[in-house]
Amino acid sequence: MNNNALDFKFYNFKILTSTNDKAKELAKKGKYNLIIITKKQKKGKGRFGRKWSSGLGGLYMTILLKEKNLDKVRYLTLIASIAVAKSIRKITKLNALVKWPNDVLIDNKKICGILTETVSNANNYTLIGIGVNINQKKFDKKIINKATSLKIEINKNYNIKNISKTIIKEFNNLYNYYNTKNYKKIINIWKKYSHTFGKEIKAKTLSGVYIGKAVNIDDNCNLMLRLNNGRIKKIVEGDIFVV
Ligand code: BTN
């Protein structure tokens, strides 16, 4: 453990609508530095209002933190994705990679998604919702070709609690860099785990589709693409695909 480690209080549930919603409820009551875990979710949420498949066998967890400065919270999504990739590598030896901005992939299939949300009232809060596919044997037709789980990859059941503990430990270690504003270090670690960095990618954003090489992440965690005409395009939000 490092000196700046967060001291979390744990809340465990059998079923919730969504761990992120529960975290918002607790944030409104002034609680923070806590982790909410549930065995399944009735309405698991993904980015852009998408649904997150949340049946038994997955890890559904939200880390709720009080944050002075909401400008840098995108780094928390990065460190959460690195923490998950590192944990999967340690536990399984699978080559887990992070995908900008919030996914972890194995063999190009999604094994983890992260939904970071903020709440501002008298204080600022950040909730980092982490979904990891662990013991699910299969997924809905809609996502069957895009999603995977540890069970599908290795044909073995894993202890979800142990995996959550490993992820939290890794998150805590990386949080040290966030806490000391060492954002460069976070970006450098992210690059080592990245599935995207240095690759030719297609970015689908609200303003259009862009194809180019992922050459960097800027200070605000935006993805920088070098387009074919040499111009650098900043991707703030969207979905990316390796082409
Ligand atoms: C995405 O890939 O679009 C993000 C998915 C995030 C899913 C997790 S599961 C725990 C937490 N609770 C939710 O409702 N969503 C996040």
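Just so you know, these numbers come straight off a predicted model, no measurement behind them. (Residues numbered from 1 in each chain as written. Predicted model: local features only at pLDDT ≥ 70, side-chain atom pairs only at ≥ 80, totals over all residues. Heavy atoms only, no water.)

Spatially, β11-β10-β9-β8-β12 is the arrangement adopted by the five strands of the open sheet, whose pairing is antiparallel. The open sheet has two free edges, formed respectively by β11 (232-235) and β12 (239-242), since each of these has just one partner strand. The average angle at which neighbouring strand axes cross in this sheet is 45°, direction not considered. (Pairing = 2+ DSSP bridges. Helix = DSSP H or I, 4+ residues; strand = E, 2+ residues; numbered from the N terminus. Axes fitted to C-alpha atoms, helices over the stretch in contact; angles between N-to-C directions.)

What follows deals with the packing of helix α4 (residues 160-179) against helix α5 (residues 183-193). Interhelical geometry of α4 versus α5 gives an angle of 140° and a closest axis separation of 7 Å. Comparing the axis directions of α4 and α5 gives the class oblique. Here Leu174, Tyr177 and Tyr178 of α4 come into contact with α5, specifically with Tyr183, Lys185, Ile186 and Ile189. (Parallel < 35°, antiparallel > 145°, perpendicular 65-115°, else oblique. Contact = heavy atoms within 4.5 Å.)

Next up on the list: the site of the ligand. In the vicinity of the ligand there are 21 residues, among which Ser18, Gln41, Lys45, Arg47 and Lys110 approach most closely. Taking Thr19, its side chain carries an N or O atom lying 3.0 Å from a nitrogen atom of the ligand. Residue Lys45 places a main-chain N or O atom 2.7 Å away from an oxygen atom belonging to the ligand. For the ligand, whose accessible area on its own is 420 Å², the fraction buried by protein is 99%. Broken down by secondary-structure element, the contributors of at least two residues to the shell around the ligand are α1 (19-28), β3 (58-66), β6 (109-120) and β7 (124-133). Among the elements that take part in the shell around the ligand, β6 stands out by supplying four residues, more than any other. Broken down by class, the residue content of the shell around the ligand amounts to six nonpolar, 11 polar and four charged. (Near = heavy atom within 4 Å. Polar contact = N/O pair within 3.5 Å; in protein donor to acceptor, adjacent residues only side chain to side chain. Areas by Shrake-Rupley, 256 points an atom, 1.4 Å probe, with all protein chains shown as cover. Nonpolar A, V, L, I, M, F, W, Y, C, P; charged D, E, K, R; others polar.)

Moving on, we get to a nonpolar patch on the surface. On the surface, Val209, Ile211 and Val243 cluster together into a nonpolar patch covering about 260 Å² of accessible area. The topology assignment puts Val243 in the segment after β12. (Patch = residues over 30% accessible without salt bridge, like charges linked within 9 Å, V, L, I, M, F, W, Y side chains within 5 Å. Salt bridge = Lys/Arg side-chain N within 4 Å of Asp/Glu carboxyl O.)

Strand order in the open sheet formed by seven strands is β1-β2-β3-β7-β6-β5-β4, with mixed pairing between adjacent strands. What marks the edges here is a single partner per strand, and that holds for β1 (9-16) and β4 (97-99). When the angles between neighbouring strand axes are averaged without regard to direction, this sheet yields 20°. Here four bridges tie strand β5 (residues 103-106) to β6, and the two strands are oriented antiparallel to one another. Considered in β6, the bridge of Ile106 is made with Lys109. Its contacts with the sheet put α4 on β1, β2 (34-41), β3 and β7, and the angle it makes with β3 is roughly 30°.

All right, on to the packing of helix α2 (residues 74-92) against α5 then. Interaxial distance between α2 and α5 falls to 10 Å at its minimum, and their mutual angle equals 40°. On the basis of the axis angle, α2 is oblique to α5. Taken as a pair, α2 and α5 cross one another with a handedness that is left-handed. Listed contacts from α5 to Tyr75, Leu78, Ile79, Ser81, Ile82, Ala85, Lys86 and Arg89 of α2 are Tyr183, Ile186, Ile187, Ile189, Trp190 and Tyr193. Classifying every residue of the contact of α2 with α5 by side-chain character gives 11 nonpolar, one polar and two charged. (Left-handed = near helix turned anticlockwise from the far one by under 90°.)

On to the pairing of β11, then. Pairing between strand β10 (residues 223-227) and β11: four bridges, direction antiparallel. Within β11, the position partnered with Leu223 by the bridge is Ile235. Turn length for the β10-β11 hairpin, with the two strands adjacent in sequence and antiparallel, is four residues, and the turn residue Gly230 shows positive phi of about 90°.

This part takes up a positive patch on the surface. Taken together, Lys14, Lys39, Lys161 and Lys165 make up a surface patch of like positive charges. Checked against the element boundaries, Lys165 lands in helix α4. (Lys, Arg positive; Asp, Glu negative; His and termini not counted. Charge placed at Lys NZ, Arg CZ, Asp CG, Glu CD.)

The end-to-end C-alpha separation of α2 is 27 Å, in line with the 27 Å expected for 19 residues at 1.5 Å each. With 14 of 19 residues buried, α2 is to be regarded as a mostly interior element. Directly beyond the C-terminal end of α2, a positive phi value near 70° is found at Lys93. (Expected span 1.5 Å × (residues − 1). Buried < 20%, exposed > 50% of the residue type's maximum accessible area, 1.4 Å probe, protein only.)

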